[in-house]
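# What the coordinates show
Listed here are the chains, written in short residue letters.
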Amino acid sequence: MAAQSARLMVYFLTAAWLAVENEYIALASTTLSLRLIHRFSDEAAKALKFSPSETNGSAGVSSWRKKSKDYYRVLLSNDLHRQKMKLGSHYQLLFPSQGSNTVSFGNDFGWLHYTWIDIGTPNVSFLVALDTGSDLLWVPCDCIQCAPLSGAYYSSLDIDLNEYNPSDSSTSKHLSCSHQLCESGPNCKSPKQQCPYNINYYTESTSSSGLLVEDMLNLASGSDNTSNTSVQAPVIIGCGMKQSGGYLDGVAPDGLLGLGLGEISVPSILAKAGLVRNSFSMCFNEDGSGRIFFGDLGLATQQSTSFLPLDGTYKTYIVGVEACCIGNSCLKLTSFRALIDSGASFTFLPDEVYEKTVNEFDRHVNATRSSFEGYPWKYCYKSSSQELPKVPSVTLMFPLNNSFVVHNPVFIINGSQGVDGFCLAIQPTDEDIGTIGQNYMTGYRMVFDRENLKLAWSRSNCQDLGDSKTMSVTSPPDGTPSNPLPTNEQQRTPGGHAVSPAVAGRAPAKPSAASTQLISSRFCLLRLLPELLLLLNIISAFKANTGIL
């Protein structure tokens, strides 16, 4: 009798379990199914894309998974990537610790825009040129051949410029030849050797060479219109020991901030660290002032065009111009590709496009052709009055009817009595790719949206940037210079602008897929409640009738 009762109990329990299990399976089929894979399984190794050479072939995969430091390195990399996806960017916008302001000194410094940055611990200040046409941040360092750094050498400066010495910074580290960002690594004698660099720029015989180091770039964040938060970001810096060409003749004497698409550039490093969105903006005002912000996505109303790949990859900021227009006249067969290069003072068009553009401009100008000694442009004009005569605009047309209008495309030549003349500030190039230089970006807020691989622009005076997608930016107080230069004492005092390490804040939490699944699972339990109660009743009745349990 006891055996028969036990069999009966097993029957009831099995039937109840199957009912619960079938209900669960039916429910799961309408919601979500998952397969768990152990992190040391063969399938996990394949999912992480390890090659047979890395795993020593299929025979060695088991021991490799459990012992290889490369395996744990990839696991850590994946974890860090997942964490950054959850956190988002720490700051809405970042800018140099001395302020977002930039400035052009005109001919003294090659007509480029510059900003002050602070490097190292204690920090040292450098006046660097802003260059979207290159990647590396370099400064004069342990100089063998550098530009003069005495303020007396430059009429626009009343302070001395600085030279970087990595040994004076407690946060500096040598970058070895084995580092993934060391392009010269294969040519090194030893992987532990300090990584050398040598960059040749577009301008003839202009270069910078030296050694790569890692050190802190001091930045600030003005998030939520509150007081600025100090941020220290480790970046790669070129210790520029030897410069040549234009870098010895007044262009970027105190260093260059490369803002290109390369992994070694400051925007790339800041975005990869999760500090800001992968975008930045520069604004160039008519009076020579400007602004720079890392993480800026610009305005919702701005115009834009896509970047184009070069040889199948996105190496630099190249766009496709569909046509050139002079005034209201758009010219046929004037499409070309152009590099957007803030490190180029002026603008260059491919030969055929150049000829059509300048001839049409000449046809619209009511002035006498002339030439001015020392100026590189071919289409120059004599002014008949002390004021600039009316000149037509130059418009670059992009896909989807986006237009970039250069309202003042000329370079004004002033004399003792006023305006002597003007030149159309465009030069020809025999290259297939032209260059939109800094002079044609004047009056615009240029957004280099690297996330979406787009160039965007909007008209701006570089002060009222309050409609930004990311944050509103206040103008400098009245009476404050647009870009005050640090005094000699501030420049020379160690830690004069030192900032404390940032405390990273988490982004506001959002409902996730995981929380939705948790709610669903609770509903699953509620739906299974009747079956569970039935099982309890069966067990209780069996206990009462048999007295076994």
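The structure presented is a predicted model; accordingly, all values stated were derived computationally and were not measured. (Residues numbered from 1 in each chain as written. Predicted model: local features only at pLDDT ≥ 70, side-chain atom pairs only at ≥ 80, totals over all residues. Heavy atoms only, no water.)

## Concerning the state of the cysteines
- Taken as a whole and assessed by the stated rule, the structure comprises seven disulfides.
- The disulfide partner of Cys-143 is Cys-146, and the S-S distance across this bridge is 2.1 Å. One quick way to see it: the torsion about the S-S bond of Cys-143 and Cys-146 is about -95°, and its sign makes the bridge left-handed.
- One disulfide in the model links Cys-283 with Cys-462; its S-S distance is 2.2 Å. Of note, the bridge from Cys-283 to Cys-462 carries an S-S torsion of about -85° and is left-handed in sense. Of this pair, Cys-283 sits in strand β11 (residues 279-284) while Cys-462 sits in the loop between β28 (454-459) and α8 (488-492), and the two are 179 residues apart along the sequence. The two residues Cys-283 and Cys-462 agree in class, both being buried.
- No disulfide involves Cys-324; its sulfur sits 7.4 Å from that of Cys-325, the nearest cysteine. (Disulfide = S-S within 2.5 Å. Helix = DSSP H or I, 4+ residues; strand = E, 2+ residues; numbered from the N terminus. Buried < 20%, exposed > 50% of the residue type's maximum accessible area, 1.4 Å probe, protein only.)

## Observations regarding the sheet that holds strand β22 (residues 402-406)
- Pairing within the open sheet is antiparallel, and its four strands lie in the order β16-β15-β21-β22. The sheet terminates laterally at β16 (329-330) and β22, the two strands that pair on one side only.
- As defined by bridge partners, strand β15 (residues 323-326) adjoins strand β21 (residues 394-398) across four bridges and the pair is classed as antiparallel. Its bridge partner being in β21, Ile-326 is matched across the sheet by Val-394. (Pairing = 2+ DSSP bridges.)

## Thoughts on the pattern of salt bridges
- The tally for this structure, following the rule as stated, stands at four salt bridges.
- The shortest N-O distance in the salt bridge between Asp-311 and Lys-315 comes to 3.9 Å.
- By relative accessible area, which is 45% here, Lys-315 ends up partly exposed.
- Close ionic contact of Arg-363 with Glu-360 constitutes a salt bridge, the shortest N to O distance being 2.6 Å. In this pair, Arg-363 and Glu-360 both sit in helix α7 (residues 351-364), three residues apart, roughly one turn of the helix.
- Taking relative accessible area as the criterion, Glu-360 reaches 10% and is therefore assigned buried. (Salt bridge = Lys/Arg side-chain N within 4 Å of Asp/Glu carboxyl O.)

## Some remarks on the sheet that holds strand β19 (residues 368-370)
- The sheet built from four strands is open, its strands ordered β19-β20-β24-β23 with antiparallel pairing. Strands with a single pairing partner mark the edges of an open sheet, and in this sheet they are β19 and β23 (410-415). This sheet shows a mean twist of 40° between the axes of neighbouring strands, independent of strand direction. (Axes fitted to C-alpha atoms, helices over the stretch in contact; angles between N-to-C directions.)

## A look at α7
- In this model, α7 (14 residues) spans 20 Å end to end at C-alpha, consistent with the 20 Å of a helix rising 1.5 Å per residue.
- Where α7 is concerned, the buried positions are Val-353, Tyr-354, Thr-357, Val-358, Glu-360 and Phe-361. The buried side chains of α7 occupy one side of the element, clustering within an arc of 160° when seen end-on. Relative to its buried face, α7 has exposed residues pointing more than 90 degrees away, namely Glu-352 and Arg-363. (Expected span 1.5 Å × (residues − 1). Arc of directions from axis to C-beta.)

## Some thoughts on the packing of aromatic side chains
- Taken as a whole and judged by the stated rule, the model has 25 aromatic pairs.
- On the numbers, 4.9 Å between centres and 85° between planes, the contact of Phe-346 with Trp-377 is edge-to-face. Taken together, the residues span a long stretch of sequence, with Phe-346 in the loop between β17 (336-340) and β18 (347-350) and Trp-377 in the loop between β19 and β20 (380-382) at a distance of 31 residues. Of the two residues, Phe-346 and Trp-377, both sit in the buried class.
- One aromatic cluster in this structure is built from Phe-105, Phe-109, Tyr-114, Tyr-153 and Tyr-154. (Phe/Tyr/Trp six-rings, centres within 6.5 Å; stacked < 30°, edge-to-face > 60°.)

## Thoughts on the confidence of the model for the chain
- Taken residue by residue, the chain gives an average pLDDT of 78. The fraction at 70 or more is 67%.
- Predicted confidence is poor over residues 82-87, with pLDDT under 50, and the contacts of this stretch with residues over four places away or in other chains come to five contacts. (pLDDT = per-residue confidence, 0-100. Contact = heavy atoms within 4.5 Å.)

## Regarding the environment of Ala-252
- Its place among the elements puts Ala-252 in the loop between β9 (229-244) and β10 (256-258).
- Placed 139 residues apart in sequence, Ala-252 and His-113 show a C-alpha to C-alpha distance of 9.6 Å.
- Residues in contact with Ala-252, not counting those within four places in the same chain, are Tyr-114, Ala-129, Trp-138 and Tyr-247.

## Remarks on the nonpolar core
- By size, the foremost hydrophobic cluster in this structure holds 107 residues, and its most contacted members are Ile-119, Leu-137, Phe-294, Met-446 and Phe-448.
- Looking at this core element by element, the count peaks at seven residues for β9.
- Ignoring anything within four residues of it in the chain, the contact list for Phe-448 reads Thr-132, Asn-278, Ser-279, Phe-280, Met-282, Phe-307, Tyr-317, Ile-340, Lys-454 and Leu-455. (Core = buried A, V, L, I, M, F, W, Y, C linked by side-chain atoms within 4.5 Å.)

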